[in-house]
Amino acid sequence: MTNNYQAPGLLIQGRWRSGRHAMTVPIINPATAQTLDTLHLANHEDIELALSASCTGFEAWRQVPAHERSARLERGIARIRQNIDKIATLLTLEQGKPLAEARAECAMAADLIKWYAEEARRTYGRIIPARQPNSSMQVHKLPVGPVAAFSPWNFPLVLSARKIGGALAAGCSIIVKAAEETPASVAAMVDCLQEDLPEGALQLLFGVPAEVSAQLIASPIVRKVSFTGSVPVGRHLSQLTARHLKRITLELGGHAPVIVCSDADIDKTVNMMVTHKFRNAGQACLAPTRFFVDRSIENRFNEAFIQKSHELVLGDGMASDTQMGPLANARRVAAVRDLVDRSVQGGARLHQGKSPASGFFAPATVLTHVTPDSPIMSEEPFGPVATITPFDALDHAIQLANQCPYGLAGYLFTDSARAIQRVSERLEVGSLAINGMGVSVPEAPFGGIKDSGYGSESGIEGMEAFLETKFVHLCN
Ligand code: NAD
């Protein structure tokens, strides 16, 4: 244990306890590659206990009136905000992002849950004009039941909060299997929330991912599954839920295109996009990655983008001058390097900044002269890598952008009404930001198309994902 870091236990039936699996995993600080502590994982019995507690938790929580549910969540949010420094420090230590980014993530997680807490009071049904005299036809919105949620390590707070907030606001209980690489920050956030909840309404597990998901999804207790992570795991969980006929929401990453038209303000666009691209060392599903730039401004754009990305200060996220931290783990370093190497072998030109020698760092990387069939144009780098490709006609840029199997976020820089209309209509993405980067806010739906998954989180669509629709026809 270093720097007051301590591995959390599992939250089962309202009590923090140590996992009983024979296997443990080390939690590693990616900036130093040093072990912070050891995480004890859930075994079969731990998961069974969580399942039965999620039943009793659901029965108790669904009966709490919506106003009261909302108030209790608000009290948990206040505690998250009071503990932001502690939670952010844990996040930086175990995940690597700069402390300022960790604080911003924690604040965003609190905002996400707050929006859902407010929305809890607005889960309206509706009345349909009756066909017969003395009868009524109503549509009720009811919590779907116990939820199993799987959140990853890149934004462990925000991506857990989206699921926790929606499920609890709707009146569901939820078992979260968060990422084993980043357990303590999520546990600290969950601890702030659970104080005002019935036992079993909110539970937190860490385990062998394939074992936990197989057991939770096969259980008749679980009624809804929500997963954020990679395409292969998403496909696998989708097959499991299909076998057991369960609803699932899948957010499986992206490879966001950015179309920069000739009238764009180059300095403003570059400043905004370099910050957005290299935030969390590029390990963001909505990170802008494939830049398509009008040929008339290509040279000026490339020069400014490459220079700005190479000026980024890389280092330990705990240091105050660090602008970009390490990748979250050693396998990401190998994966990013492999993708860049294969793309360079295929003819791409490499523009790479410097990176520290120890820890799991990867340099800020820009690839130009990339052909449409280059691996980097279809495989998600999930790291600090951007490509820049010139275009002559907007429709060609849209076509190149749509060649990728992902369809999560997209960005457009222009003041042209025609271009805005064309791209809004034709770009195959779930969220589009024009002259900005705000593709994900608590009150708007966030989700992908194509290989990026299906279903939405946040916004009223995110709430709907945890509700069941029942038609009630009363005849007198
Ligand atoms: P991975 O495929 O091994 O795991 C992705 C996530 O799924 C991890 O959090 C992991 O704990 C979990 N997981 C793995 N097997 C599981 C199972 N059988 N049941 C339930 N959960 C399971 O990949 P990785 O190396 O951790 O991450 C790399 C890739 O994952 C990236 O290339 C990126 O595409 C994707 N990813 C996407 C997001 C996102 O925000 N959409 C977040 C993290 C990772």
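Coordinates for the structure precede this section.
Caption draft 1: Focus on the site of the ligand. Neighbouring residues of the ligand: 24 residues in total, closest Trp153, Ser213, Ser230, Arg331 and Glu380. In this structure, Asn154 approaches the ligand through a side-chain N or O atom, which is 3.4 Å from an oxygen atom. The separation between a nitrogen atom of the ligand and a polar main-chain atom of Pro209 is 3.4 Å. Here the ligand loses 85% of its free accessible area of 810 Å² to cover by the protein chains. For the shell around the ligand, the secondary-structure elements that each account for two or more residues are α7 (209-218), β10 (224-228), α8 (231-243) and α11 (330-345). Here the residues of the shell around the ligand sort into 12 nonpolar, 7 polar and 5 charged. Looking at the shell around the ligand, you find at least three residues from each of domain 1 (10-252 + 453-475) and domain 2 (256-441).

Caption draft 2: Just the packing of α7 against α8, in detail. Two numbers describe how α7 lies on α8: the axes approach to 9 Å, and their chain directions differ by 25 degrees. Considering the angle they form, α7 stands roughly parallel to α8. Crossing of α7 over α8 shows right-handed handedness. Contacts between α7 and α8 involve Ser213, Ala214 and Ile217 from the former and Leu237, Leu240 and Thr241 from the latter. Here the contact of α7 with α8 is composed, by residue class, of 4 nonpolar, 2 polar and no charged.

Caption draft 3: Local environment of unusual backbone geometry. Here Leu245, not a glycine, exhibits a phi torsion of approximately 50 degrees, which is positive. In this fold, Leu245 is placed in the loop between α8 and β11 (247-251).

Caption draft 4: Main features of the packing of aromatic side chains. A complete count under the given rule lists 6 aromatic pairs for this structure. Taken together, a centroid distance of 6.4 Å and an interplanar angle of 45 degrees make the contact between Phe278 and Phe305 tilted. Of this pair, Phe278 sits in helix α9 (residues 266-278) while Phe305 is found in helix α10 (residues 298-310), placing the two residues 27 residues apart along the sequence. For the pair shown, Phe278 and Phe305 are each scored as buried. An angle of 40 degrees between the planes, with centres 6.0 Å apart, marks the rings of Phe291 and Phe301 as tilted. In this pair, Phe291 is assigned in strand β13 (residues 288-294) and Phe301 in helix α10, connecting sequence segments 10 residues apart.

Rules of the game
Residues numbered from 1 in each chain as written. Predicted model: local features only at pLDDT ≥ 70, side-chain atom pairs only at ≥ 80, totals over all residues. Heavy atoms only, no water. Near = heavy atom within 4 Å. Polar contact = N/O pair within 3.5 Å; in protein donor to acceptor, adjacent residues only side chain to side chain. Areas by Shrake-Rupley, 256 points an atom, 1.4 Å probe, with all protein chains shown as cover. Helix = DSSP H or I, 4+ residues; strand = E, 2+ residues; numbered from the N terminus. Nonpolar A, V, L, I, M, F, W, Y, C, P; charged D, E, K, R; others polar. Domains from an automatic or database assignment. Axes fitted to C-alpha atoms, helices over the stretch in contact; angles between N-to-C directions. Parallel < 35°, antiparallel > 145°, perpendicular 65-115°, else oblique. Left-handed = near helix turned anticlockwise from the far one by under 90°. Contact = heavy atoms within 4.5 Å. Phe/Tyr/Trp six-rings, centres within 6.5 Å; stacked < 30°, edge-to-face > 60°. Buried < 20%, exposed > 50% of the residue type's maximum accessible area, 1.4 Å probe, protein only.

Worth remembering: the numbers are spatial, not functional.
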